[in-house]
Every structure is written in structure tokens, then in C-alpha cells.
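Chain by chain, the residues run as shown.
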Amino acid sequence: MRILRLTNSDDLRPVAYENERAHRIVERAFEAETGEHVETVLRAIWPTPELPDLIEEWIERFEPDAVFMKVSAYWFTYESVPLKVQRSHLGPLGRGVARAGFRTAESPIGETSFFHAARRFSRRVVGSAVYFTPEQVIDCASACLRRIAQAEQALVLVRGPIISEAGGVTARVERRAELRRRQVHEALRALCAELRIHYTGCSEAPSFRESARYRGPDRMHLNADGHRWVGEEESRALLAAWRRLHGADEPLYLESEALT
């Protein structure tokens, strides 16, 4: 069985060992239940207008038996200071400052307490911006899922946004991020019900603080415990979808279990 996993940087960054990653946990769970060998094709996605065409191309190239699509809350809840500067009217100067900010966040400095404190201060002084609006994400995901649904031979599972990326912000901003997350979650849940696509998500997300122990040094990407929790959740949802495909009375929607 081949799974086309449309995912984010959590599956690509070296925060957890290879065999601890969520997609490896999914492979082992599926193999244990079905006896089938499973391989995963990883493709990181970003909700731009080109994404539906890219996904259609990948489906034609890899001919997957299952398509897993992760809709990341980072896209529309993470508030970035460099992005705010990049979108300002400072021209080349602003773009240069933004590039330096992005590079710093990706470097080892981005894992230090000093960096996180500086980011909190910059958000208050400079402001911040999200990469996409909830409406843009909903529109892009809808176009992608309608393309994916045309691959009728493939089992399809959508993983909705489960935790708002709102670390180091005020309570008011965190509440705003959670409202955005719920907006996307409810829209995707309704769309998947319409298209008869399996969907898993959560109606009420844990706070960023509650999820902190599941994150690596940069306080964003999943650590080994985070991969375990996500992998077990995704295994449960994928196996429910597989059982339904084979005649079992499984729901199309599964509510995510609480962090444990």
C-alpha cells in the first residue's frame, strides 16, 4: 500500500528519529492490522493557488492507494514579525530585514530563550502577520479536496488543524487564533461530509501551553512525544477509514482525542 502524505515540515525536520516519526507509526499500525506492506511518499504543501495542480500531478505520478492531507494551523494562525516587515512599505530594506529574521528563526538561535523573548517583544512593538487568511486556506483546501476526490480508487483522509500556533502571544491573540482554527475546522468538516471523505479534527483545541511538552527546542515542531501522539491519532483515523472502505460501520468524522 502506498500513502501519499501531503504534510508540513514536522515530517521533514530532524527533531525525532526516523522510526519515531508520525508517518512511520502510521505505517506500522496499518501493517499490523492488514498485513500489507506500507510505503509513504512525503510531500510538503503550502496553500497557494498552484497546490491543486501539484496534487493532481502527484496522484498521477505515484498512483497512491491512500491520500492523507494535513491542513496546518501554522498557515493561518502563526503570527510572524518578519512577514509583517516584508509586507510593509519599506521596500528593499524591509525585504532584507525580513530575510534576516526568517534565517535567524531557522538557525540554532531560534531555539534559544533569548530568541523567544525577542520575538515576543517584537510582536508588541512591530506587529505581526499571518501567512494566509482562514478564507484563503478554506478555498485552497476545497479545491484540492475536489481534485483528490476524483481519484476514486484511493482512500482519502484529511487531518484538520489541531493546535493553534499561538505561542508567546497574549491571551487575546491566542483566542483570536483559536477562532480562526475553529473556522477552518468546521468548514473542512462540512466539506468532507459533502464529499464523503474521512476527516479527523478537534472541536476545541488544547492551549499552546498544554501542547508545549510535545514540541522541540524551537517550540513549534513536534518532538518524539508529539510524533507519537499525532501518529497514534492518525493511525486510528486511517484504520477507521480503511475498515469503512471494507464494509465496517465506521463514521466519516473522528474527533481527536485529548492530549495525554
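To start, this report covers the structure provided alongside it. Note that the structure is a prediction, hence the values are computed from the model and not measured. Each chain carries its own residue numbering, running from 1 in the written order of its sequence. Local features are withheld for residues below a pLDDT of 70 in this predicted model, meaning they are given only at 70 or higher, and side-chain atom pairs are given and counted only at 80 or more; totals for whole chains, interfaces and linings count all residues. Hydrogen atoms and water are omitted, and side-chain values are computed over all heavy atoms in the structure.

## Quick look at the pairing of strand S4 (residues 155–159)
1) Next: Within S4, 5 of the 5 residues are buried, which leaves it mostly tucked inside the rest of the structure.
2) Next: Of the two faces of S4, the one lined by Leu155, Leu157 and Arg159 and the one lined by Val156 and Val158 are each fully buried.
3) Next: Pairing between strands is defined by DSSP: at least two bridges between the two strands are required. What counts as a helix is a DSSP run of H or I of at least four residues, what counts as a strand is a run of E of at least two, and both are numbered from the N terminus. When strand S3 (residues 66–70) meets S4, the two strands line up parallel, connected through 5 bridges. When the sheet's bridge partners are listed, Phe68 is paired in S4 with Leu157.
4) Next: Note that S4 and strand S5 (residues 198–201) share 3 bridges and pair parallel. Here's how the labels work: a residue is buried when its accessible area is under 20% of the maximum for its type, exposed when over 50%, partly exposed in between, all with a 1.4 Å probe on protein chains only.

## Topic: the pattern of salt bridges
1) Next: For this analysis, a salt bridge means a side-chain nitrogen from Lys or Arg found within 4 Å of a carboxyl oxygen belonging to Asp or Glu. Summed over the entire model, instances satisfying the criterion amount to 16 salt bridges.
2) Next: The shortest N-O distance in the salt bridge between Arg24 and Glu27 comes to 3.0 Å. Within this pair, Arg24 and its partner Glu27 are both found in helix H1 (residues 22–34), separated by 3 residues, close to a single helical turn.
3) Next: In this structure, Arg236 engages Glu233 in a salt bridge whose closest nitrogen and oxygen atoms are separated by 3.7 Å. Of this pair, Arg236 and Glu233 both sit in helix H9 (residues 224–245), 3 residues apart, roughly one helical turn.
4) Next: For Arg236, a relative accessible area of 28% gives the class partly exposed.
5) Next: One network of salt bridges, with partners in common, ties together Glu18, Arg21, Arg24 and Glu27.

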